[in-house]
Amino acid sequence: MHNKTFVAVAAGLGLITLSALTGCGSTATKSSSDSKTVTLVSHDSWAVSKSVLGDFEKQSGYKVHVLKDGDAGQAVNKALLTKDNPQGDVFFGVDNTLLSRALAGGLFQPYQAKGLAKVGAAYQLDQDKHRVTPVDYGDICVNYDKAYFSEHKLTPPQSFADLAKPEYKNLLVTENAATSSPGLGFLLGSAAQFGDNGWQDYWKKLKANGVKVVDGWEQAYYQEFSGSSEGKKAGGDRPLVVSYASSPPAEVIYAKKRPSTAPTGVASGTCFRQIEFAGLLSNARNPKGAQAFIDFLVSKEFQEDMPLNMYVYPVLDGAKVPAEFTEYGPAAQHPETMAPGKITANRDQWVKSWTSLVLK
Amino acid sequence: MALPVAFFAVFFAWPVAAIVARGLKADGAWQFGRITDVVTQPDIRHVLWFTIWQALASTALTLLLALPAAYVFARLDFPGKRLLRAVVTVPFVLPTVVVGTAFLALVGRGGLLDDLWGVRLDTTVWAILLAHVFFNYAVVVRTVGGLWAQLDPRQEEAARMLGASPLGAWRKVTLPALAPAVAAAALMVFLFTFTSFGVVQILGGPTFSTLEVEIYRQTSEIFDLSTAAVLTLVQFVAVGAILAVHAWTVRRRETALRLVDAEITARRPRGAGQWTLLAAVLVTIALLLALPLAVLVRRSLDAPGLGYYRALTNADGGTFLVAPVHAVWTSLQYAGAATAIAVVIGGLAAAALARRDAGRLVRGFDALLMLPLGVSAVTVGFGFLIALDKPPLDLRQSWILVPLAQALVGAPFVVRTMLPVLRAVDGRLREAAAVLGASPWRVWREVDLPLVRRALLVAAGFAFAVSLGEFGATVFIARPDNPTLPVAVARLLSRPGDLNYGQAMALSTLLMVVCAAALLILERLRTDRTGEF
């Protein structure tokens, strides 16, 4: 009997191994040395409508292979580590908070996209060299739970300074600036607002005012925030959360029964603008295909498809924004901004000071 | 011997060296000054301090809760013992994402304790310590309990006949015999908790950081490769020291003890004391090990008509390019390949180590093979990315990368299981066979193989289970279109919405069932319990 067990187990293991060797071998992805394939390296949030991508493949003759490589920061860092022998041809998803790191690391080679003339100059942060092409922007802003504020007969906060006021004590939840991009954006926004020397005082006040810090956006928005539908279910009890200007429209679009107004709103004076770029990777095996793909990213078809897929705004002049966006989540009028060089020069030090100030 | 050494050099030493060198070399010159810079930073010292004390606390707590269970499993006989032994081993091979999630569902916001009594332990050190006990309970039960079961109870009885009190007899007879095993188990638990990553990240929130978590943050988030390299070296030294002490205690354990068949030492519980102990152990297991797993299963069943399970076959989720259930198949394939590699490499290494003429150098290699267990997975993962990207070894686009990384973690388990058994094979049997004219191959087939076959199967099973659950290195190198089970769980968890959460729970449950099934089979196969895990 023992012999039989042995044979059975051995056969089973052998079969699995065999199928592993044959099965995976055939599904292993073709390397991008194939000139008919463009490999896009991006972060986990990359999304596009099937039909729109299909149109590109049909018109250009390239097949697109997508490699989602972790969250935004991780994807950029991995791309930097492997830049001599990149995993793909195009990289999408480096934002202004990481841009200088990517440029200084020599991640990209210059390419001026067709149609760039119709992309707003404010988004073109590498205008002299064209190593990166702006693709979208979004605003990181404090969202508020409308129901909470009307129940408590309280005006929602409007500005960074409001958040430190006693009437908003213990209401705000934000993300760890060291590990989360909205967390970092909010820190940078406060630094832009209060200056290099003033932001620390501001955060001392926020801490005294009971700000809660969690590791990631998912946890903040879906667990702690009382305004999101998931947060309600999870018993979230913070009516203020650092999220995006496009979060209120998302609440409407994803609701089981579409409400007439968004359940959440945006504190318009608390926004920091995030711009996302794409670039042609240095040492790409298929630079021609990569260029065609970058052109596609700023084309009208892609730009208009993008908002409802990735919840960001198009950078192309005249690209239509979905009605839900204009109605429930207009982009901020006067967002805080900061030059990528300044971010690079200060980011690590600020995050370090922030960590010991707020978390320790 | 040559093959394991080459494997270890190419797939472990080289990638790790490459990533450390990338961090510590600037303009072609080594920057060793960075080492003192980094370790004198207050933040980093805080991390070092937390790493050590939480590991000490976790180890103490694990011993406190698991030693009574080791006794119960060794000395008492009760129905369902085998099943229970498999159950307590399941946590050890579960991926940390799954465990972290189970604990969040238990002690986190809206978790069971929160609902019942408004108690929340997430982002406290208590959640971390409890999860560490959950993971490492089996290490103590198996290592200490395995030996305990084979100690001859008559020695203790003899001491009592000679007038020793029960406690005195235990202290003078049993404890000295067990001490090396307890020390070895404690060191393993210390090693696993010292290098804890997923548990601390998920349950600790942003305020707690172990060395391993800090290496991850410095590499993956802050991109400060030189700090990460220094921390990797620090961890390397610490793990090396732990392993050296471990190897020493293991060797002490191999000194002659009178061992008997485990089957004859266990008895039905007698007297109020033993019954109480048995009950206490069962309650501990139910609360600490079974409850988190049960919460996981219950959450996976929240949707009517097994909705979360049915959703797993749907490819339109958007999270993946394939249906999540595809990850089950991918995982099985990868784990199969990893097991094959680990068994060949680990088996050859164990055979070399078991030779009586094995010198110090070879014995040193024993500890070296354990190193992958203690080296940061992110270091290994990033090392793979930058070291294995050129011909003749351009593996970065290849699926084999994942099984290779998993085999690194599986091989030490193979060595640890095989080694005691191989050492126990009486050399005279081989000599006798050779004298009678058998060829070396025939000697191996007729003498060694029948004796080690079971150990080989157990080793393979363990390597398989560990590979299935491996998360740290896999997450960095797994192809996005071919996620393994743990990677798929992590991705689903990071997506918003009930359906994704429910699917994550359902996938975790599937993974748990597969692991439990593998371990139950092992329990049936395993007769010899001298193995160290």
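Placed above this text is the structure.
The structure contained in this document is the topic of the report that follows. All values derive from a computational prediction rather than experimental measurement. The residue numbers shown here count from 1 along each chain, following its written sequence. All chains are assigned letters beginning with A, and all ligands numbers beginning with 1, in the order in which they are written. Reporting of local features is limited, given that this is a predicted model, to residues whose pLDDT is at least 70; pairs of side-chain atoms are given and counted only at 80 or more, and all residues count toward the totals for whole chains, interfaces and linings. Side-chain metrics rest on all non-hydrogen atoms present in the structure, leaving aside hydrogens and water.

### A closer look at the overall build of chain B
For step 1, the next point in the chain: Counting its secondary structure elements, chain B contains 23 helices and 4 strands.
For step 2, the next point in the chain: For a compact globule of 533 residues, the expected C-alpha radius of gyration is about 24 Å, and chain B comes in at 24 Å, within 12% of that figure.
For step 3, the next point in the chain: Taken over the C-alpha atoms alone, chain B extends approximately 65 × 60 × 50 Å along its principal axes.
For step 4, the next point in the chain: Residue burial in chain B is summarised as follows: out of 533 residues, 59% are buried.
For step 5, the next point in the chain: In this analysis, two residues are considered to be in contact whenever any of their non-hydrogen atoms come within 4.5 Å of each other. Here the analysis covers contacts within chain B between residues at least 6 apart in sequence; of these, 79% occur between residues at least 24 apart.
For step 6, the next point in the chain: Note that accessible areas follow from Shrake-Rupley with a 1.4 Å probe, and for residues the cover is restricted to the protein chains shown. Counting every atom, chain B has about 21,000 Å² of accessible surface; 66% of that belongs to carbon and sulfur.
For step 7, the next point in the chain: Computed over 46 positive and 33 negative side-chain charges, the separation of the two mean positions in chain B equals 7 Å. Note on conventions: DSSP H or I runs of at least 4 residues are helices, E runs of at least 2 residues are strands, and numbering of each starts at the N terminus. When we talk radius of gyration, it's over C-alpha atoms, and the globule rule is simply 2.2 Å times the number of residues to the 0.38. Only protein chains enter the accessibility calculation, which uses a 1.4 Å probe. A residue is then buried if its area is under 20% of the maximum for its type, exposed if over 50%, and partly exposed in between. Positive charges come from Lys and Arg, negative ones from Asp and Glu, while His and the chain ends are left out of the count. By convention, the point assigned to a charge is CZ for Arg, NZ for Lys, CD for Glu and CG for Asp.

### Considering the packing of helix 13 (residues 271-300) of chain B against helix 23 (residues 498-525) of chain B
Two measures define how a pair of helices packs: the angle their axes make with one another and the distance between the axes.
Residue and element names in this part refer to chain B.
For step 1, the next point in the chain: Fitted lines through C-alpha atoms give the axes, limited to the stretch in contact for helices. The angle between two N-to-C directions lies from 0 to 180 degrees. It is at 8 Å that the axes of helix 13 and helix 23 come closest, and there the two elements cross at 130°. In this view, helix 13 runs oblique relative to helix 23, as classed from their interaxial angle. Crossing angle aside, the handedness with which helix 13 passes helix 23 is left-handed. Touching Leu 293, Leu 296, Val 297, Arg 299 and Ser 300 of helix 13 are Tyr 501, Gly 502, Met 505, Ala 506, Ser 508, Thr 509 and Met 512, all from helix 23.
For step 2, the next point in the chain: Each residue belonging to the contact of helix 13 with helix 23 can be placed in one class, and the counts come to 7 nonpolar, 4 polar and 1 charged. Oblique is the label for every angle not falling under 35 degrees (roughly parallel), over 145 degrees (roughly antiparallel), or within 65 to 115 degrees (roughly perpendicular). Note on convention: the crossing is left-handed when the near helix lies turned anticlockwise from the far helix by less than a right angle, right-handed when the turn is clockwise. All amino acids are sorted into three groups, where Ala, Val, Leu, Ile, Met, Phe, Trp, Tyr, Cys and Pro are nonpolar, Asp, Glu, Lys and Arg are charged, and the leftover types, Gly among them, are polar.

### Here's the deal with helix 1 (residues 2-24) of chain B
For step 1, the next point in the chain: The largest bend in helix 1 of chain B comes to about 40°, at B:Ala9.
For step 2, the next point in the chain: Inspection of helix 1 of chain B places B:Pro4, B:Phe7, B:Phe8, B:Phe11, B:Phe12, B:Pro15, B:Val16, B:Ile19, B:Val20, B:Ala21, B:Gly23 and B:Leu24 among the buried residues, and these make up the whole buried set. Two axes enter the definition of the bend at a residue: one is fitted to the seven residues ending there, the other to the seven starting there, and the bend is the angle between them.

### A closer look at the nonpolar core
For step 1, the next point in the chain: Among the buried residues, those of types Ala, Val, Leu, Ile, Met, Phe, Trp, Tyr and Cys that are joined through side-chain atoms within 4.5 Å form a nonpolar core. If you look at the biggest cluster of nonpolar residues, it comprises 168 residues, and the most contacted ones within it are B:Tyr137 and B:Phe384.
For step 2, the next point in the chain: Considering each element in turn, this core owes the most residues, 16 residues, to helix 7 (residues 125-150) of chain B.

### Observations regarding the environment of B:Met370
All names here are of chain B.
For step 1, the next point in the chain: Turning to its location among the elements, Met 370 is positioned in helix 16 (residues 360-374).
For step 2, the next point in the chain: On the accessibility criterion, Met 370 (3% relative accessible area) is buried.
For step 3, the next point in the chain: The spatial distance from the C-alpha of Met 370 to the C-alpha of Phe 413 is 8.5 Å, given a sequence separation of 43 residues.
For step 4, the next point in the chain: Here Met 370 is in contact with Met 188, Leu 243, His 246, Pro 412 and Arg 416, once residues within four sequence places are set aside.

### Observations regarding the side chain of A:Ser282
For step 1, the next point in the chain: Secondary-structure assignment places A:Ser282 in the loop between strand 10 (272-281) and helix 10 (287-297).
For step 2, the next point in the chain: Aside from chain neighbours lying at most four places away, what touches A:Ser282 is A:Lys83, A:Pro86, A:Gly106, A:Leu107, A:Phe108 and A:Gln109.

### Some words on the packing of aromatic side chains
Residues and elements named next belong to chain A.
For step 1, the next point in the chain: Classification of ring pairs rests on two measures: the distance between centres of Phe, Tyr or Trp rings, Trp counted by its six-membered ring, which must be within 6.5 Å, and the angle between planes, read as stacked under 30 degrees, edge-to-face over 60 and tilted in between. Summed over the entire model, instances satisfying the criterion amount to 42 aromatic pairs over all chains.
For step 2, the next point in the chain: Ring geometry for Phe 91 versus Phe 108: centroids 6.4 Å apart, planes at 55°, classification tilted. One end of the pair, Phe 91, is in strand 3 (residues 90-95); the other, Phe 108, is in strand 4 (residues 108-109), with 17 residues separating them in the sequence. Note on accessibility: Phe 91 and Phe 108 belong to one class, buried.
For step 3, the next point in the chain: Seen from their ring centres, Trp 217 and Tyr 221 are 5.0 Å apart, and the 10° between their planes marks the pair as stacked. Here Trp 217 pairs with Tyr 221, and both are found in helix 7 (residues 217-224), just 4 residues apart, close to one helical turn. Each member of the pair, Trp 217 as well as Tyr 221, is classed as buried.

### A few points about the pairing of strand 3 of chain A
Residues and elements named next belong to chain A.
For step 1, the next point in the chain: For strand 3, a buried count of 6 out of 6 residues is recorded, marking the element as mostly surrounded by other parts of the structure.
For step 2, the next point in the chain: Of the strand pairs in this sheet, strand 1 (residues 37-42) and strand 3 are connected by 2 bridges, and their pairing is parallel. Counterpart to Val 41 in the pairing with strand 3 is Phe 91.
For step 3, the next point in the chain: The rule for pairing is simple: two strands pair if DSSP sees at least two bridges between them. Of the pairings in the sheet, the one linking strand 3 to strand 10 comprises 5 bridges and is antiparallel in character. Pairing of Val 90 across the sheet is with Leu 280, part of strand 10.

### Some thoughts on the environment of A:Val266
Residues and elements named next belong to chain A.
For step 1, the next point in the chain: Position of Val 266 relative to the elements: it lies in strand 9 (residues 264-266).
For step 2, the next point in the chain: Given a relative accessible area of 24%, Val 266 falls into the partly exposed group.
For step 3, the next point in the chain: As for Val 266 and Pro 330, which are separated by 64 residues in sequence, their C-alpha atoms are 9.2 Å apart.

### Re the packing of helix 15 (residues 326-354) of chain B against helix 22 (residues 485-493) of chain B
Residues and elements named next belong to chain B.
For step 1, the next point in the chain: Orientation of helix 15 relative to helix 22, taken along the N-to-C sense of each, is 145°, at an axis distance of 8 Å. Every residue of helix 22 that contacts helix 15 at Ala 327, Val 328 and Ser 331 is listed here: Leu 485, Pro 486 and Ala 488.
For step 2, the next point in the chain: Of the residues assigned to the contact of helix 15 with helix 22, the class counts are 5 nonpolar, 1 polar and no charged.

### Quick notes on unusual backbone geometry
All names here are of chain A.
For step 1, the next point in the chain: A positive phi angle, close to 60°, is found at Asn 283, a residue other than glycine.
For step 2, the next point in the chain: Mapped onto the fold, Asn 283 is located in the loop between strand 10 and helix 10.
For step 3, the next point in the chain: Residue Tyr 311 is not a glycine yet carries a positive backbone phi of 55°.
For step 4, the next point in the chain: Relative to the elements of secondary structure, Tyr 311 occurs in the loop between helix 11 (300-310) and strand 11 (313-314).

### Focus on the state of the cysteines
All names here are of chain A.
For step 1, the next point in the chain: The rule for a disulfide is simple: a pair of cysteine sulfur atoms within 2.5 Å. According to the stated counting rule, one finds 1 disulfide over all chains in the structure shown.
For step 2, the next point in the chain: Through a disulfide, Cys 141 is tied to Cys 271; the S-S separation comes to 2.0 Å. One quick way to see it: the torsion about the S-S bond of Cys 141 and Cys 271 is about 115°, and its sign makes the bridge right-handed. In this pair, Cys 141 sits in strand 5 (residues 132-145) while Cys 271 sits in the loop between strand 9 and strand 10, placing the two residues 130 residues apart along the sequence. Like Cys 271, Cys 141 is buried.

Fair warning: the whole summary comes from geometry, so function is off the table for now.
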